[in-house]
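# Working through the structure, step by step
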Amino acid sequence: MLNYSTYVAPSKPAVSDDLPPGEVRRMWSPTTATLIYGDHDAVLVDPLMTQAEGEDLAGWIAATGKNLTTIYVTHSHGDHFFGAAPILDRFPGARMVALFPVVEGMRKQLTPPWLDGFWRARFPGQLPERLVVAEPLESDTFTLEGAELVAIDLGHTDTDGSSALYVPSIGLVVAGDAVYDEVHLYLSEAVADGIEQWLAALDVLDALHPAAVVSGHRLPDASDDPRYIEETRRYLETFAAAGARTSTALDLYNAMIEAYADRLNRGVLWNSTRSLKSN
């Protein structure tokens, strides 16, 4: 029987001069990495971002006594894969894999506009010197101690080419950023029909009838309740409705704050509204 544990990298400051009303600094959302393990071996999902996070995560894995065979990356945002090098240095026999659309996106994240213009600008001096791109999976399944792990192609969620990892034997879905738990969603890439595509991806996850769902961004003490699929769906529908009835980024921002006053990271909501409304 497989089992799993989730590591949550805490929220951290990011350099930004575009702050939402009333906020004094930009914070990055807490981010999850999940270790799926058997008696001897383990698979890590999403190796986080900074050098320090990767080193801490490698130590956390080593403390379990498990042999890390594989790192799986759910999607191409740098906060979910830049931290791989310290882990691969600690576990040189492991390989990092992802679905082909995710690999394509990872390569894009390493181009100067994204790597230097976005990631290094926000986290100066914090990223590993060596940034690793995953190998494309040859099929959508691989195994851990004989148990099947299934890569689920989700298309667009908070970015193009997203995926989740499904473990049928224990009913686990590691959802990456397809599902958020009490954190504002990143919707800056939800142009055209991006929200509709994300809703369709949630239908795919719902159809698996999972027993547990690990969100890509969540608080350390949060549960893995599958209801966060529905909570994410409701947020997307609320955002779409508010977007249709508001004319400015500030109006949309205020409408979402009214609906979700307690959600973490208003900065990502502000960035989303500013990206989708020009005024």
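Look a little higher up for the structure.
Residues numbered from 1 in each chain as written. Predicted model: local features only at pLDDT ≥ 70, side-chain atom pairs only at ≥ 80, totals over all residues. Heavy atoms only, no water.

## Some words on the overall build of the protein
- Within the protein, the regular secondary structure consists of eight helices and 13 strands.
- Seen through its principal axes, the protein has C-alpha atoms that stretch 55 × 40 × 35 Å.
- Relative to its 279 residues, the protein shows a buried fraction of 55%.
- When contacts within the protein are restricted to residue pairs at least 6 apart in sequence, those whose partners lie at least 24 apart make up 74%.
- Separation of charge centres in the protein, based on 20 positive and 39 negative side chains, amounts to 5 Å. (Helix = DSSP H or I, 4+ residues; strand = E, 2+ residues; numbered from the N terminus. Buried < 20%, exposed > 50% of the residue type's maximum accessible area, 1.4 Å probe, protein only. Contact = heavy atoms within 4.5 Å. Lys, Arg positive; Asp, Glu negative; His and termini not counted. Charge placed at Lys NZ, Arg CZ, Asp CG, Glu CD.)

## With respect to the sheet that holds strand S11 (residues 162-167)
- Strand order in the open sheet made by the five strands is S9-S10-S11-S12-S13, with mixed pairing throughout. The open sheet is flanked by strand S9 (141-144) and strand S13 (212-214), the only strands paired with a single partner. Each adjacent strand pair in this sheet contributes to an overall mean axis angle of 25°, direction not counted.
- Along the sheet, helix H5 (residues 194-206) contacts strand S10 (147-155), S11 and strand S12 (172-174); its crossing angle with S10, the most-contacted strand, is approximately 160°. (Pairing = 2+ DSSP bridges. Axes fitted to C-alpha atoms, helices over the stretch in contact; angles between N-to-C directions.)

## Notes on the side chain of glutamate 53
- Within the secondary structure layout, glutamate 53 lies in helix H1 (residues 51-64).
- Here glutamate 53 falls in the buried class, since its relative accessible area comes to 9%.
- At a separation of 3.1 Å, a polar atom in the side chain of glutamate 53 contacts the main-chain amide nitrogen of methionine 49.
- With sequence-adjacent residues up to four places away left out, glutamate 53 is seen in contact with Ala9, Lys12 and Leu48. (Polar contact = N/O pair within 3.5 Å; in protein donor to acceptor, adjacent residues only side chain to side chain.)

## Looking at the packing of helix H6 (residues 227-245) against helix H7 (residues 249-259)
- Orientation of H6 relative to H7, taken along the N-to-C sense of each, is 145°, at an axis distance of 9 Å. In the packing of H6 onto H7, the handedness of the crossing is right-handed. Along the contact surface, H6 presents Tyr235, Thr238, Phe239, Ala242, Gly243 and Arg245, while H7 presents Leu252, Ala255, Met256 and Ala259.
- Its residues assigned to classes, the contact of H6 with H7 comprises seven nonpolar, two polar and one charged. (Left-handed = near helix turned anticlockwise from the far one by under 90°. Nonpolar A, V, L, I, M, F, W, Y, C, P; charged D, E, K, R; others polar.)

## Let's talk about the layout of surface pockets
- The calculated volume of the largest pocket comes to roughly 400 Å³.
- Along its surface, the largest pocket is lined by 23 residues, and Arg26, Trp28, Phe118, Tyr186 and Asn271 are the ones closest to its centre.
- Looking at the lining of the largest pocket, the elements that each hand over two or more residues are strand S3 (26-28), helix H4 (112-122) and helix H8 (266-276).
- Counted by class, the lining of the largest pocket contains seven nonpolar, nine polar and seven charged residues.
- Every residue along the wall of the second largest pocket is listed here: Ser76, Pro101, Gly105, Lys108, Gln109, Trp114, Thr159, Asp160, Gly161 and Glu189.
- Top contributing element to the lining of the second largest pocket by residue count: helix H3 (residues 100-109), with four residues.
- A per-class count over the lining of the second largest pocket returns two nonpolar, five polar and three charged. (1 Å grid on protein atoms, 1.4 Å probe; cavity = no way out; pocket = protein on both sides within 12 Å on 5 of 7 lines; lining within 4 Å. Points joined across faces, edges and corners; volume = space filled by probe spheres on them.)

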